[in-house]
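Here is what each chain is made of, one letter per residue.
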Amino acid sequence: MGVSTADLTMASATQSRTRGAWAGIGIFVLLALTQWIAISISVPDRDMGHLQKIMYVHVPAAWNMMIAYFVVAIFSLRYLWKGQERDDLIAAAAAESGAVLTGLLLVLGMIWAKPTWGIWWTWDARLTSSAVLFFMYVGYLILRAFVDDPDRRAQWSAAVGLLGALNVPIVYMSVRWWRTLHQPQSSPSTVDPNYVIGLRINAIAFLIVLIYFIRHRYESAKMERAADQLHERAALATRGGINA
Amino acid sequence: MTWSAEWRRVGAIVWKDLTTERRSKAGVNAVAFMGVLVLLLFGFALGPDTEALRRAASGALWLAILFAGVLAFNRSYQLELDGGALESLLLYPGARWGIYLGKLIANLVFVLIVEVVVVPIALILYQVALPPGWPALLGVTVMGTIGFVTLGTFYAAMSSRSRAREVLLPLLLFPMLVPVLLASVEALTGLLAGDPMREAGAWVRLLGAFDIIFLVASLLAFEYVIEV
Amino acid sequence: MPDNMPFIVAAFGITWVVLLSYAWHLHRVRAEAQRRLREATEALNGGGRA
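Residues numbered from 1 in each chain as written. Chains lettered and ligands numbered in written order. Predicted model: local features only at pLDDT ≥ 70, side-chain atom pairs only at ≥ 80, totals over all residues.

(A) A look at the overall build of chain A. Scanning chain A for helices and strands turns up six helices and zero strands. Start at the N end of chain A and walk to the C end: the helices and strands fall as α-α-α-α-α-α. Considering only residue pairs separated by 6 or more positions, chain A has 79% of its internal contacts joining residues 24 or more positions apart. (Helix = DSSP H or I, 4+ residues; strand = E, 2+ residues; numbered from the N terminus. Contact = placed C-beta atoms within 7 Å.)

Put into C-alpha cells, the structure is as follows:
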C-alpha cells in the first residue's frame, strides 16, 4: 500500500516537474515584460534621473520580502497550533525565498546608495533593519540545518520564526529612532504617480516569482520527507524479514 | 497545581542552578574575566585617546556584556544535559514555564554578578565619571540585562541541544538583540553625558516594552521548545 | 546616455542573476529530491520481493 502511494507521488512529481519548468520560464518572461514596460513608460526623475529605474527591482524586492516573512510567521503559528508538517515545510520554504530576496535587496540598496549619496552603505533605517532581518532569517535557516530530528526542527524553527516576526516592528522602530538622533533621515522621497503603475506591475511580477519559489521549494521538501519516511519503512521491513 | 506550588518549583530551580554555580565558581569567574578581556581589547582597538574612549564607553560595555554573557546560557543547559538531568526535570509534574522562569532568574543573577565586576572596570578603563543620576544608570543596565537574558535563556534551550551550539546561539540571539543593544547604549550614553532624561526616557520605554513582549512570548513558546 | 548607466545595469543584472540562480538551485534540489524518492521507492520494492 505504501509502495503504491509512493509510486503515485513519483508519477505526479515527474509530471509537475515538467509543468514547473514551463511555469518558471513563463514567470521569468513575465518579469522581463513588466520591467520593460516600467522602464519604457517612466520619464527620468527630476532629482535622480535614470537612477530611479532601480526602484522597479528594489521596491518590489522589499515588499515581497515582507510578504515572505509574513508567510513564515503565519505558518509558524499555524504549525504550533495544528502540528501539521505541511505548515512547517511551507514556513521553511518562505524563509529561504525571503532570505534570497533580502540578500538581493541589500545589494540593490548598496547600488542605490553609491550614486545617490556617494557611499556604498548608509545606516538608513530601512536598509539597516533589512540587514538585521537578513541575519534573523539566516539564523532561522542555519538552525534548521543544524537540527536533524524533523519534529524538533519543526517546533524549534516555528518558535524562532514567531519570535523573529514579533521583533520586526521593534527592530525597525529602534533603528529609526537611533537614526533620527544621530542625523536627519534620508529624504523619504514621495513616489511620483508616473512611477506607481510601473512599481505595481513589477511588485505583482515579483510576487508571482516568490509564490513560484515557495511552491517549488515546498514540493521538493515534501518529496525529501517522503523519501526519508520510505527509507525508514524499508529499514523496518528488512529487520522484520530477518526476525521472521 | 496551584500557583504557590509553581512558584516553589521556580524557586527550587533557581536555588539548584545557583548552588551549582556557587560550588564550582569557575563559571562566573571565567565569564567575568572574558567580559573584562573584551573591554581591554576594545580599548586597544579604539586607541588611547581619552575622548574617543569616553564616547565609545557604553557601546563597548554592552558588547562586552553580550559577548561574555552569551557564554553563560549554553552552560546553564549543558550542565543539565551532561547529567541527563533535563529529562528528569521534565518528568516532574507542573507547567513548563516554571522551568524557563527558574533558569531565567538563575541566569539573570549570574549575568548581574558578572556585571558587578565588568561595569566598574569599564568605568575605570574608559575614564568615565559617574553622573549624579547614577541610580537611573543602574536601572537601564538591569532592564537591558533582563531583555538579554530573557532571549538568551530561550534560545539556549534550543542551541544547547543542537549541533554546533557554540556558533548557533550568538547567531540566533544577536540579531534579535539589536533593539536591546541600541536602546541600552543610547540611554546609557545619554545618561553618562548628563542628559536630563529627555532622550533616554524614550529608550527606557522601548526597553520596557521589549522586555515585557519577549518575556510573555518566551513563557508561552517555551513549552514547544523544551518538549521535543 | 544616462549618467548612472553602470549602476542601473548592475542593479537589473544582479536581480536577474540572483533570481535565476536561485531558480536553478531549486531545480537541482527538486531533481535531487526526486532521485532520492525514486531510490527509496525501489529499495522498498526490492526489499519486499527479496
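(B) How the structure looks around the interface of chain A and chain B. With 27 residues of chain A at the interface, the matching set in chain B holds 24 residues. For the side of chain A that touches chain B, the elements supplying multiple residues, two or more each, are α4 (125-146) and α5 (150-182) of chain A. The dominant element in the side of chain A that touches chain B, judged by the number of residues it contributes, is α5(A), at 18 residues. The class makeup of the residues in the side of chain A that touches chain B is 21 nonpolar, four polar and two charged. (Nonpolar A, V, L, I, M, F, W, Y, C, P; charged D, E, K, R; others polar.)

(C) Seen up close, the arrangement of the chains. When the two pairs of chains in contact are ranked by number of contacts, first place goes to chains A and C. Chain B makes no contact with chain C; the smallest distance between any of their C-alpha atoms is 23 Å.

(D) Quick peek at the interface of chain A and chain C. Tallying the contact residues gives 39 residues for chain A and 29 residues for chain C. Of all the elements in the fold, those that place two or more residues in the side of chain A that touches chain C are α1 (2-41), α3 (85-117) and α6 (193-243) of chain A. Per-element accounting of the side of chain A that touches chain C gives the leading share, 16 residues, to α6(A).

(E) Highlighting the packing of α4(A) against helix α7 (residues 165-176) of chain B. Two numbers describe how α4(A) lies on α7(B): the axes approach to 8 Å, and their chain directions differ by 155°. Here α7(B) runs roughly antiparallel to α4(A), going by the angle between their axes. Crossing handedness for the pair α4(A) and α7(B): left-handed. Seen from α4(A), the contacting residues are Val132(A), Phe135(A), Met136(A), Gly139(A), Ile142(A), Leu143(A) and Phe146(A); seen from α7(B), they are Leu168(B), Leu171(B), Leu172(B), Pro175(B) and Met176(B). Classifying every residue of the contact of α4(A) with α7(B) gives 11 nonpolar, one polar and no charged. (Axes fitted to C-alpha atoms, helices over the stretch in contact; angles between N-to-C directions. Parallel < 35°, antiparallel > 145°, perpendicular 65-115°, else oblique. Left-handed = near helix turned anticlockwise from the far one by under 90°.)

(F) The nonpolar core, seen in detail. In terms of nonpolar packing, the biggest core is built from 138 residues, with Ile54(A), Ala61(A), Ala91(A), Ala94(A), Leu108(A), Ala64(B) and Leu177(B) touching the most fellow members. The greatest single-element share of this core, amounting to 15 residues, is contributed by α3(A). Leave out the neighbours within four places in its chain, and Ile54(A) touches Leu108(A), Ile111(A), Trp112(A), Ile8(C) and Ala11(C). Within the second largest apolar cluster, eight residues are counted, among which are Met223(A), Ala227(A), Ala234(A) and Ala33(C). (Core = buried A, V, L, I, M, F, W, Y, C linked by C-beta atoms within 7 Å. Buried ≥ 20, exposed ≤ 12 C-beta atoms within 10 Å, placed from the backbone.)

(G) Looking closely at the packing of helix α3 (residues 50-82) of chain B against helix α5 (residues 96-125) of chain B. All names here are of chain B. At a minimum axis distance of 10 Å, the contact between α3 and α5 shows a crossing angle of 145°. Considering the relative orientation of α3 and α5, their crossing is right-handed. Residues Ala57, Ala60, Leu61, Ala64, Ile65, Ala68, Gly69, Ala72, Phe73 and Ser76 of α3 lie in contact with α5, whose contacting residues are Lys103, Ala106, Asn107, Phe110, Val111, Val114, Glu115, Val118, Val119 and Ala122. By residue class, the composition of the contact of α3 with α5 is 15 nonpolar, three polar and two charged.

(H) Representation of unusual backbone geometry in the model. Even without glycine at this site, Gln127(B) takes up a positive phi of about 55°. Structurally, Gln127(B) is set in the loop between α5 and α6 (134-159).

(I) Looking closely at the environment of Ser76(B). Residue and element names in this part refer to chain B. With respect to the helices and strands, Ser76 occurs in helix α3. The exposure class assigned to Ser76 is buried, which follows from the 22 C-beta atoms found within 10 Å. In this structure, the C-alpha to C-alpha distance between Ser76 and Asn29, residues 47 residues apart in sequence, is 15 Å. The residues touching Ser76, leaving out its near neighbours within four places in the chain, are Asp17, Lys103, Ala106, Asn107 and Ala156.

(J) Here's a closer look at α6(B). Counted at 1.5 Å a residue, the expected span for α6(B) with its 26 residues is 38 Å, and the 36 Å between its end C-alpha atoms agrees. Burial analysis of α6(B) places 19 of its 26 residues in the buried class, the great majority of the element. (Expected span 1.5 Å × (residues − 1).)

(K) α7(B), seen in detail. Taking 1.5 Å per residue as the helical rise, α7(B) with its 12 residues ought to reach 16 Å, and the 17 Å between its terminal C-alpha atoms agrees with that figure. Here α7(B) has its buried residues at Leu168(B), Leu169(B), Pro170(B), Leu171(B), Leu172(B), Leu173(B), Pro175(B) and Met176(B).

(L) Main features of the confidence of the model for chain A. Per-residue confidence for chain A gives a mean pLDDT of 84; residues scoring 70 or more make up 83%. No element of chain A has a lower mean pLDDT than α1(A), at 74, and none a higher one than helix α2 (residues 55-82) of chain A, at 93. (pLDDT = per-residue confidence, 0-100.)

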